[in-house]
Amino acid sequence: MLFLFLHISLFLLFSLLYWYHFRSQAEGPKGNLLMEVQTAGKDWKNTPHLVLILAFVLFLLLPLSFGFHFYLRSDANVLVVILWIIWAYNWSKYSFFRE
């Protein structure tokens, strides 16, 4: 339970930190969050972009944390991992490799 609470807290912290503090400092297009993530992936060494990438990685790992918290002692954790792979692949494909 502590890991799940920590994961959600860090995700909210990085998301709100980017949204309210670093978004005005970040270069690139504003308004479309997927385009901002794509821009941040290309230039990840800047602090605003690094915060956004960390928030996005925590967002990708969120279903895995929820699933392992509730299904760790059962055989359903295999389904959690398979669904997480699909989740992470689709979000990564549409955010980093958009044309």
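Residues numbered from 1 in each chain as written. Predicted model: local features only at pLDDT ≥ 70, side-chain atom pairs only at ≥ 80, totals over all residues. Heavy atoms only, no water.

## So, the overall build of the protein
- The helix and strand inventory of the protein stands at 4 helices and 0 strands.
- Reading the helices (α) and strands (β) of the protein from amino to carboxyl end gives α-α-α-α.
- Counting across all 99 residues of the protein, residues that qualify as buried make up 29%.
- Pairs at least 24 residues apart make up 55% of the contacts formed inside the protein by residues separated by at least 6 positions.
- Counting every atom, the protein has about 7000 Å² of accessible surface; 72% of that belongs to carbon and sulfur. (Helix = DSSP H or I, 4+ residues; strand = E, 2+ residues; numbered from the N terminus. Buried < 20%, exposed > 50% of the residue type's maximum accessible area, 1.4 Å probe, protein only. Contact = heavy atoms within 4.5 Å. Areas by Shrake-Rupley, 256 points an atom, 1.4 Å probe, with all protein chains shown as cover.)

## Remarks on the nonpolar core
- Counting residues in each nonpolar core, the largest one holds 13 residues, and the members touching the most others are Phe14, Tyr18, Val51 and Leu52.
- Where this core is concerned, the elements lending two or more residues are helix H1 (2-22), helix H2 (33-42) and helix H3 (47-71).
- Ranked by the residues each element gives to this core, the list is headed by H3, at 7 residues. (Core = buried A, V, L, I, M, F, W, Y, C linked by side-chain atoms within 4.5 Å.)

## A few points about the packing of aromatic side chains
- Counted by the stated rule, this structure contains 5 aromatic pairs.
- An aromatic cluster is built from Phe11, Phe56, Phe59, Trp87 and Trp91, whose rings are joined through pairwise contacts. (Phe/Tyr/Trp six-rings, centres within 6.5 Å; stacked < 30°, edge-to-face > 60°.)

## Brief notes about the environment of Val57
- Relative to the helices and strands, Val57 resides in helix H3.
- A residue is classified by how much of its surface remains accessible, and Val57, at 38% relative accessible area, is partly exposed.
- Between the C-alpha atom of Val57 and that of Ala88, which follows or precedes it by 31 residues, the distance is 9.2 Å.

## Some thoughts on helix H4 (residues 77-96)
- The end-to-end C-alpha separation of H4 is 27 Å, in line with the 28 Å expected for 20 residues at 1.5 Å each.
- Every buried residue belonging to H4 is among Val80, Ala88, Ser92 and Ser95, and all of these are buried. End-on, the buried residues of H4 take up no more than an arc of 85°, which puts them together on one face. Exposed positions of H4 whose direction lies more than 90 degrees from the buried face are Leu79, Leu83 and Tyr89.
- The inward-facing, buried residues of H4 contact H2 and H3. (Expected span 1.5 Å × (residues − 1). Arc of directions from axis to C-beta.)

## Things to note about the confidence of the model for the protein
- With 94% of its residues at a pLDDT of at least 70, the protein reaches an overall mean of 81.
- Here H2 stands out as the least confident element of the protein, with mean pLDDT 76; H1 is the most confident, with 87. (pLDDT = per-residue confidence, 0-100.)

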